[in-house]
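Each chain, letter by letter, is given below.
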Amino acid sequence: MKKLLTIAGSDSCGGAGIQADIKTFSANGCYAMSVIAAVTAQNTKGVFAVQDIDPEIIGAEIDAIFTDIEVDGVKIGMVSNADSIRVIAERLRKYKPEKIVLDPVMVSKSGYDLLKPEAVRTLAEELVPLAYVITPNIPEAEIIADMRIVTREDVEEAAKRIKAMGARYVLIKGGHLAGEPSDVLYDGELFTTFPGKRIDTKNTHGTGCTLSSAIAANLAKGFSMEEAVRAAKAYVTIGIEHGIELGKGVGPTHHFYELYQKMGWEA
Ligand SMILES: Nc1ncnc2c1ncn2[C@@H]1O[C@H](COP(=O)(O)OP(=O)(O)O)[C@@H](O)[C@H]1O
Ligand SMILES: Cc1ncc(COP(=O)(O)O)c(N)n1
């Protein structure tokens, strides 16, 4: 069984963050481990408070894992501030895990700054060069690439700018653009489009976390970059189709729908 680590924030309502990552790793047949970098008080309606974890503790969490366990893949999600980012980058440079999937989480769907705006440059300088693949959504790609993104040409230009910062692959997610939610992968030479069909639902809490974790799980299993994205997109799409009516706001995606189907349980 492949052993996957997420370094991210806790989402108390379980739809995004560490909780979505663990569900995704598990549903994709991997063993899940977590380094909690921040704790959010969050539900389907919003984020109400955030406690950053002391960077020393984050470093100790990472040490505890890498000094004992062989890690087959790492996903990075919400990292909240520059000091945490520096500690994470320093440890990853030391332990050199092979495939790091970086989801540059910045703002929650409800509009809360999950990454302090002044820490964006630190993320770009410290974490982007370590990433095997970085998976920004459109607003995140706009901030990292420092440009507006409206057209397909803009997506390609932003991908080129982000690639130049040192990531091996760039996957720009299209959920926030008008039209169908297609994602675009750039390897430094070619652009590959992963087409999607927009599902009419409000329950998209955790889609980005789920996609990036599924990519990390697939890469650890030995899939090529393209296969990893294709399978991850199929996984998140089923999850969105069967999104859960939880709370009064933006509900989460489903993680065990296929298992429930197989077992004859009500999904
Ligand atoms: N309404 C939707 N229907 C189908 N796929 C979607 C929908 N919204 C987002 N996606 C897909 O979910 C994944 C996460 O994308 P996105 O929502 O853009 O990221 P984030 O959660 O980081 O904002 C992408 O593969 C995107 O294409
Ligand atoms: C702790 C935490 N991490 C990440 C997200 C982003 O969620 P999404 O995947 O919906 O963009 C979130 N809302 N909370």
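All values derive from a computational prediction rather than experimental measurement. (Residues numbered from 1 in each chain as written. Chains lettered and ligands numbered in written order. Predicted model: local features only at pLDDT ≥ 70, side-chain atom pairs only at ≥ 80, totals over all residues. Heavy atoms only, no water.)

Our focus in this paragraph is the site of ligand 2. As a structural note, the neighbourhood of ligand 2 is formed by 16 residues, with Q42, K109, G206, G208 and C209 the closest of them. With respect to ligand 2, the side chain of Q42 contributes an N or O atom lying 2.8 Å from a nitrogen atom. One of the backbone N or O atoms of G206 is found 2.8 Å from an oxygen atom in ligand 2. Within the complex, the protein chains bury 94% of what would otherwise be the 370 Å² of accessible surface of ligand 2. (Near = heavy atom within 4 Å. Polar contact = N/O pair within 3.5 Å; in protein donor to acceptor, adjacent residues only side chain to side chain. Areas by Shrake-Rupley, 256 points an atom, 1.4 Å probe, with all protein chains shown as cover.)

Quick look at the environment of I199 now. Its place among the elements puts I199 in the loop between β9 (191-194) and α7 (207-220). The partly exposed category is assigned to I199, whose relative accessible area is 26%. Taking C-alpha positions, I199 is 7.3 Å from I240, a pair spaced 41 residues apart along the chain. (Helix = DSSP H or I, 4+ residues; strand = E, 2+ residues; numbered from the N terminus. Buried < 20%, exposed > 50% of the residue type's maximum accessible area, 1.4 Å probe, protein only.)

Taken together, 15 residues sit near ligand 1, with K109, K173, H176, D183 and K233 positioned nearest. Here G175 contributes a backbone N or O atom positioned 3.1 Å from an oxygen atom of ligand 1. D183 places a side-chain nitrogen or oxygen 2.5 Å from an oxygen atom of ligand 1. For ligand 1, whose accessible area on its own is 550 Å², the fraction buried by protein is 94%. If you list the elements that add at least two residues to the shell around ligand 1, you get α7 and α8 (225-241). With three residues, the single largest contributor to the shell around ligand 1 is α7. Its residues placed into classes, the shell around ligand 1 shows four nonpolar, five polar and six charged. (Nonpolar A, V, L, I, M, F, W, Y, C, P; charged D, E, K, R; others polar.)

Right, let's talk about the packing of helix α2 (residues 55-66) against helix α3 (residues 82-95) for a bit. Two elements in contact, α2 and α3, have axes whose closest approach is 9 Å; the angle formed by their N-to-C orientations is 20°. Judged by the inter-axis angle, α2 sits roughly parallel to α3. In this structure, the crossing between α2 and α3 has a hand that is right-handed. Note on element contacts: α3 touches α2 through D83, S84, V87, I88, R91 and Y95, opposite P55, I58, G59, A60, I62, D63 and F66. (Axes fitted to C-alpha atoms, helices over the stretch in contact; angles between N-to-C directions. Parallel < 35°, antiparallel > 145°, perpendicular 65-115°, else oblique. Left-handed = near helix turned anticlockwise from the far one by under 90°. Contact = heavy atoms within 4.5 Å.)

The subject of this paragraph is the pattern of salt bridges. Pairs can form between side chains of opposite charge whenever their charged atoms are close. The full count for this structure, using the stated rule, is 16 salt bridges. Residue E126 pairs with R93 through a salt bridge whose shortest N-O separation is 3.2 Å. Residue E126 is located in helix α4 (residues 120-127), and its partner R93 is located in helix α3; the two are separated by 33 residues in the primary sequence. Of the charged contacts in the structure, one is a salt bridge between E226 and R230, with a shortest N-O distance of 3.0 Å. Of this pair, E226 and R230 both sit in helix α8, four residues apart, roughly one helical turn. Each of D63, E90 and R91 takes part in a single network of salt bridges with overlapping partners. (Salt bridge = Lys/Arg side-chain N within 4 Å of Asp/Glu carboxyl O.)

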